[in-house]
Amino acid sequence: MPFPVFHEALEKAVGRPVWTHEFGLNLDGLKREMLGAAPAPTFEEIVALVPVEHRIIIHTGEHQ
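Model, not experiment: these values are computed from the prediction.

Caption draft 1: Focus on the pattern of salt bridges. In this structure the tally under the stated criterion is three salt bridges. Across the salt bridge formed by arginine 16 and glutamate 22, the nearest N and O atoms sit 2.8 Å from each other. For the pair arginine 16 and glutamate 22, a shared accessibility class is recorded, and that class is buried. The partner of glutamate 33 in a salt bridge is arginine 16, and the shortest N-O contact between them spans 2.8 Å. Of this pair, glutamate 33 sits in helix α3 (residues 27–34) while arginine 16 sits in the loop between α1 (3–14) and α2 (20–25), and the two are 17 residues apart along the sequence. Judged by its relative accessible area of 10%, glutamate 33 falls in the buried class. On the basis of relative accessibility, which here comes to 12%, the residue arginine 16 falls in the buried class.

Caption draft 2: Seen up close, the packing of α1 against α3. The contact between α1 and α3 brings their axes to 9 Å, and the two run at 50 degrees. Of the possible angle classes, the one that applies to α1 and α3 is oblique. Like other packed secondary-structure pairs, α1 and α3 cross with a definite hand, here left-handed. Note on element contacts: α3 touches α1 through Leu30, Glu33 and Met34, opposite Leu10, Ala13 and Val14. A per-class count over the contact of α1 with α3 returns five nonpolar, no polar and one charged.

Conventions used here
- Residues numbered from 1 in each chain as written.
- Predicted model: local features only at pLDDT ≥ 70, side-chain atom pairs only at ≥ 80, totals over all residues.
- Heavy atoms only, no water.
- Salt bridge = Lys/Arg side-chain N within 4 Å of Asp/Glu carboxyl O.
- Buried < 20%, exposed > 50% of the residue type's maximum accessible area, 1.4 Å probe, protein only.
- Helix = DSSP H or I, 4+ residues; strand = E, 2+ residues; numbered from the N terminus.
- Axes fitted to C-alpha atoms, helices over the stretch in contact; angles between N-to-C directions.
- Parallel < 35°, antiparallel > 145°, perpendicular 65-115°, else oblique.
- Left-handed = near helix turned anticlockwise from the far one by under 90°.
- Contact = heavy atoms within 4.5 Å.
- Nonpolar A, V, L, I, M, F, W, Y, C, P; charged D, E, K, R; others polar.

Written out as structure tokens, the structure reads:
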């Protein structure tokens, strides 16, 4: 199955955007979320999956 098709299907199944790095750094969490055994991670938890030395975050909107 092409990755874009799988990615879109997973997003529909869990009801949220899934960042591509989650597939490599939180696969077990995605599986549990898909099965209803775990809640969706927060934005902060998703960002925290990326090691600090590899994080580059650009904020383009107003803080709310």
